[in-house]
Each structure stands twice: as C-alpha cells, then as structure tokens.
Amino acid sequence: MSEKQIGMELQKTVRLLDKAKETAITQMGQAISLAADAGDIIMSAELEGLNLPEILGVGGVSEEQARRFKRVAKARPSLHSPSPQSLKQLALWVGLMPDPIETSTPRPQRSWHHYLVACRQWLTRKSIQDWSSVQKADFVSEAEPIVKAFVEAGGKLPPNG
C-alpha cells in the first residue's frame, strides 16, 4: 500500500471514530437525563409519602440505584457545563461505568525476625536515660521472654548484662 492509500484508510477510520464518539456522547446524555427523570420520580414519591419500597420493587430498582438516581436528579442544574470529574461521577451513578473495585496489595511476607529488627531500630532512636521508671519496667517485662529465648537458642549475653 502506498502512503496515499494508508492516509485515505486513516481518514476513513477517524471519520468513523468521530461519528462513534458523537453517538456515544448523545447516548450518554440521554442516559443521564433518564436517570435524572427516574430520580425526580423517586423524590416525588418520597415527598408524597408513598410506599417507596413497593414502588422500587414494582419498578425493578434497588435501593442503591434509587439513591444514585436521586443524586443525578439533584445534579441536574450542574449539567449545563459539567467538569470531567462530575461527568465521571454521573456516569458511575447512572451505571454507565462499573463501580471501581478497590483492592489492597498484600504486604510482602516479612522475615521471622522483622519485629526484632524494628525494635532495634526504634531503640537506636530513643535515649533510655530519658525513660521513666514505668517505661523501663514495661520494657524489661516485654524484653525478658525474648532474652530468655535468645539464651535458650544458644545466644550469649555480654559479661556485664
């Protein structure tokens, strides 16, 4: 293929893309408008004191969807010039985008002596002379089992320890 043929193919593809974007924007606007209308209906039923769970059940709408539709209806005045973030939020409320799935990254497995290393690092930042008698007693009561296990594992305490 020549450069001209490739350029013509690219031009045709970009035209199709522009048409698809225009269609998507139109459909997104319609979906947001319909969600706002649904929110208005729900809020109106609430104001009239009607049986909302029954209305939602007949309408096939969950309580979460109803809550989101009401939010879209309340945001209707800001739809004339929305920010990208508010459009994203509206798309989430309408159901055009899936809810973000939050996952936590598991912590890498730590070595068995991690807490001993952390304790040693903590001790290097502290001045034992500044500790109160209660702090010293608490430290000794927590450290005794560790020192005992150290000796039982074959460790040697310094002569002045």
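For the structure itself, look to the data block above.
An account of the accompanying structure is given in this report. (Residues numbered from 1 in each chain as written. Predicted model: local features only at pLDDT ≥ 70, side-chain atom pairs only at ≥ 80, totals over all residues. Heavy atoms only, no water.)

Considerations on the overall build of the protein
For step 1, the next point in the chain: Along the protein, the regular secondary structure elements total six helices and zero strands.
For step 2, the next point in the chain: Across the protein, helices and strands are ordered from the amino to the carboxyl terminus as α-α-α-α-α-α.
For step 3, the next point in the chain: Over its C-alpha atoms the protein spans a radius of gyration of 33 Å, topping by over 25% the 15 Å that the globule rule assigns to 161 residues.
For step 4, the next point in the chain: Expressed as lengths along the three principal axes of its C-alpha atoms, the size of the protein is roughly 85 × 70 × 30 Å.
For step 5, the next point in the chain: In the protein, which comprises 161 residues, the share counted as buried stands at 16%. (Helix = DSSP H or I, 4+ residues; strand = E, 2+ residues; numbered from the N terminus. Rg over C-alpha atoms; globule rule 2.2 N^0.38 Å. Buried < 20%, exposed > 50% of the residue type's maximum accessible area, 1.4 Å probe, protein only.)

What to know about the packing of helix α1 (residues 3-47) against helix α3 (residues 63-74)
For step 1, the next point in the chain: Following both chains from N to C, one finds α1 and α3 inclined at 105°, their axes separated by 7 Å at the closest point. Put simply, α1 runs roughly perpendicular to α3. Along the contact surface, α1 presents I32, A35, A36, A38, G39, D40, I42, M43 and E46, while α3 presents A66, F69, K70, V72, A73 and K74.
For step 2, the next point in the chain: Taken together, the residues of the contact of α1 with α3 sort by class into ten nonpolar, one polar and four charged. (Axes fitted to C-alpha atoms, helices over the stretch in contact; angles between N-to-C directions. Parallel < 35°, antiparallel > 145°, perpendicular 65-115°, else oblique. Contact = heavy atoms within 4.5 Å. Nonpolar A, V, L, I, M, F, W, Y, C, P; charged D, E, K, R; others polar.)

What about the side chain of R68?
For step 1, the next point in the chain: Structurally, R68 can be placed in helix α3.
For step 2, the next point in the chain: Residue class for R68 comes out buried when judged on its relative accessible area of 16%.

What to know about the environment of L47
For step 1, the next point in the chain: If you trace the backbone, L47 turns up in helix α1.
For step 2, the next point in the chain: Overall, the relative accessible area of 77% leaves L47 in the exposed class.
For step 3, the next point in the chain: Spatially, the C-alpha atoms of L47 and L16 are 46 Å apart, while their sequence positions differ by 31 residues.

What to know about the nonpolar core
For step 1, the next point in the chain: Among the nonpolar cores identified, the biggest contains 15 residues, and I42, V72, L90 and V94 are the most heavily contacted of them.
For step 2, the next point in the chain: Only α1, α2 (52-59), α3 and α4 (84-94) provide two or more residues apiece to this core.
For step 3, the next point in the chain: When residues in this core are grouped by element, the largest group, six residues, is from α1.
For step 4, the next point in the chain: Setting aside anything within four residues of it in sequence, one finds V94 in contact with A31, I32, A35, F69 and V72. (Core = buried A, V, L, I, M, F, W, Y, C linked by side-chain atoms within 4.5 Å.)

Regarding the pattern of salt bridges
For step 1, the next point in the chain: Applying the stated criterion across every chain, the model contains six salt bridges.
For step 2, the next point in the chain: Between D37 and R76 there is a salt bridge whose closest N-O contact spans 3.0 Å. Within this pair, whereas D37 is found in helix α1, its partner R76 is found in the loop between α3 and α4, the two being separated by 39 residues in sequence.
For step 3, the next point in the chain: The partly exposed category is assigned to R76, whose relative accessible area is 28%.
For step 4, the next point in the chain: Between E64 and R68 there is a salt bridge, and its shortest N-O distance comes to 2.7 Å. Placement of the pair is E64 and R68 together in helix α3, with a separation of four residues, close to one helical turn. (Salt bridge = Lys/Arg side-chain N within 4 Å of Asp/Glu carboxyl O.)

Describing the packing of aromatic side chains
For step 1, the next point in the chain: Within the structure shown, the criterion is met by two aromatic pairs.
For step 2, the next point in the chain: Judged by centre distance (5.9 Å) and plane angle (40°), the ring pair of W122 and W131 falls under tilted.
For step 3, the next point in the chain: The exposure class of W122 is partly exposed, given its relative accessible area of 35%.
For step 4, the next point in the chain: Measuring from ring centre to ring centre gives 5.2 Å for W131 and F139, while their planes differ by 65°; the resulting arrangement is edge-to-face.
For step 5, the next point in the chain: Taking relative accessible area as the criterion, W131 reaches 12% and is therefore assigned buried. (Phe/Tyr/Trp six-rings, centres within 6.5 Å; stacked < 30°, edge-to-face > 60°.)

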